[in-house]
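Structure at a glance
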Amino acid sequence: MDLNDGIIAGDVRALARAISLVENGDPAAVPLLRALFPRTGAAYLLGITGPPGGGKSTLVDRLIAHYRGRGLRVGVIAVDPSSPFSGGAILGDRVRMQKHATDPGVFIRSMGSRGHLGGLAAATADAAAVLDAGGCGIVILETVGIGQSEVEVAGMVDTTVLVTVPGLGDDVQVLKAGTMEIADIFAVNKADRDGVEKCVIEIEQLLGVREMDESTFLPPIVQLVARDGKGIAELADAVERHRAYLSQHGRLERRRNERLRRQVRAIITGRLGEWAHAKLTNDVEAGENLADLYRRKTDPHTVAAAVLRELGID
Ligand SMILES: Nc1nc2c(ncn2[C@@H]2O[C@H](COP(=O)(O)OP(=O)(O)O)[C@@H](O)[C@H]2O)c(=O)[nH]1
Ligand SMILES: [Mg+2]
């Protein structure tokens, strides 16, 4: 069975190999992704994001069980931009999700920052496409980190769940710093701890100042004790409601089309960046025009303008 057929059959080893190709920027990944693309689009992409230690992996483990119970194949990509590890499951994730490790209907993979020329986000999008083609009805992206990586993930999925926990101290500041807007659903995890009500009220207050009209989806706030499996059905229900909302008036299609356009842009800017890098190293930095610059007979703007003119960019 070749790789393509293996993926379509949902063979776990074939999926793992394909994602390794994607991760390593292997040239064989591109024809593979091209062949798989017509078979994508059926998976629902769910993003779970929030601060480290918030219980995301624990929650994902419970969600896997939930969706398996509904007969779906489940793909999970745990993205950790701060981790040099990739190609397997990060130890903590493996421990947290281990009871699904032998289930052929579940595929779990961690991706770290190592070796992605086109960027971690691009590799993650391609890995999600592989799982989509492999028949996963739901693909869950777990991202660690605050800020940029959360925003990137939000752009890659259909529904974003922002996990927060009471008593972090800075949790609401974190939300204020721009990650608030990305949440389709708020999950207040570790609701067994003190301060849950305060946390919920703070989110409600922040949501209250948001501009809305009658067509806006008001993000639900779901309380969880992921460790004990409490609130999982409610969260899955909120995801369903958001999905139903998106399905109305073509919102889901628009969101996905926008994602595809961004993917094209990312591929092009990635290639342009590589090209420019090579060009600069070979033509500019090795060029004689720099001697005059070093002697201050010319200036950086003039040197740059001359190179750009040569390239037809003025
Ligand atoms: N008290 C409490 N602890 C939890 C809950 N959910 C997860 N944890 C614990 O929080 C820690 C971090 O969990 P993990 O899932 O690895 O968090 P992640 O870094 O966001 O993926 C672990 O020790 C979990 O057992 C919960 O609902 N209540
Ligand atoms: Mg985790």
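Not measured: the values here are computed from a predicted model. (Residues numbered from 1 in each chain as written. Chains lettered and ligands numbered in written order. Predicted model: local features only at pLDDT ≥ 70, side-chain atom pairs only at ≥ 80, totals over all residues. Heavy atoms only, no water.)

1. Remarks on the sheet that holds strand 4 (residues 138-143)
By way of backbone hydrogen bonds, the strands of a sheet pair with one another, either parallel or antiparallel. Here we have seven strands laid out as an open sheet, ordered 3-2-4-1-5-6-7, and parallel in their pairing. Edge strands, defined here as strands with exactly one partner in the open sheet, are strand 3 (106-111) and strand 7 (221-223). Across the sheet, the mean angle from the axis of one strand to that of its neighbour is 20°, orientation sign disregarded. With six bridges connecting them, strand 1 (residues 44-49) and strand 4 associate as parallel partners. Opposite Y44, over in strand 4, you have I138 as the bridge partner. (Pairing = 2+ DSSP bridges. Helix = DSSP H or I, 4+ residues; strand = E, 2+ residues; numbered from the N terminus. Axes fitted to C-alpha atoms, helices over the stretch in contact; angles between N-to-C directions.)

2. Some points on the pairing of strand 2 (residues 74-79)
For strand 2, a buried count of six out of six residues is recorded, marking the element as mostly surrounded by other parts of the structure. Where burial is concerned, the two faces of strand 2 agree: the one with V74, V76 and A78 and the one with G75, I77 and V79 are both buried. Of the strand pairs in this sheet, strand 2 and strand 3 are connected by six bridges, and their pairing is parallel. The residue bridging A78 from the neighbouring strand is S110, located in strand 3. (Buried < 20%, exposed > 50% of the residue type's maximum accessible area, 1.4 Å probe, protein only.)

3. Section: the coordination of the magnesium ion (ligand 2)
Ideal values differ by geometry: the angle at a metal is 109.5 degrees with four tetrahedral donors, but 90 or 180 degrees with six octahedral donors. The magnesium ion (ligand 2) binds to the protein through S57 (OG) and E142 (OE); the donor distances cover 2.1 to 2.2 Å. Taken together, the residues span a long stretch of sequence, with S57 in helix 4 (residues 56-69) and E142 in strand 4 at a distance of 85 residues. The pair S57 / E142 is uniform in exposure class, with both members buried. (Donors = N, O, S within 2.8 Å, 3.2 Å for Na, K, Ca; no water.)

4. Quick word on the side chain of H66
Relative to the helices and strands, H66 resides in helix 4. Discounting residues that sit within four places of it in the chain, H66 has contacts with I232, A233 and A236. (Contact = heavy atoms within 4.5 Å.)

5. Section: the packing of aromatic side chains
Following the criterion strictly, the structure yields one aromatic pair and no others. Ring geometry for F217 against Y245: centres 5.1 Å apart, planes inclined by 40°, an arrangement best described as tilted. Note that F217 is positioned in the loop between helix 9 (196-208) and strand 7 and Y245 in helix 10 (residues 232-247), a separation of 28 residues in sequence. Taking the relative accessible area as the measure of exposure, F217 reaches 16% and is therefore buried. Accessibility expressed as a relative area gives 18% for Y245, which makes it buried. (Phe/Tyr/Trp six-rings, centres within 6.5 Å; stacked < 30°, edge-to-face > 60°.)

6. With respect to helix 4
In this model helix 4 runs 20 Å from its N-terminal to its C-terminal C-alpha over 14 residues, within 8% of the 20 Å that 1.5 Å per residue would give. Within the span of helix 4, buried status applies to K56, S57, T58, L59, V60, D61, L63, I64, H66 and Y67. Following helix 4 by one or two positions, G71 adopts a phi angle in the positive range, close to 80°. (Expected span 1.5 Å × (residues − 1).)

7. Structural notes on a nonpolar patch on the surface
Residues V264, I268, L272, W275, L308, L311 and I313 make up a contiguous nonpolar surface patch of about 620 Å² in total accessible area. The greatest single-element share of the nonpolar patch, amounting to four residues, is contributed by helix 11 (residues 251-284). As for its placement among the helices and strands, L272 is situated in helix 11. With a relative accessible area of 48%, L272 lands in the partly exposed category. (Patch = residues over 30% accessible without salt bridge, like charges linked within 9 Å, V, L, I, M, F, W, Y side chains within 5 Å. Areas by Shrake-Rupley, 256 points an atom, 1.4 Å probe, with all protein chains shown as cover. Salt bridge = Lys/Arg side-chain N within 4 Å of Asp/Glu carboxyl O.)

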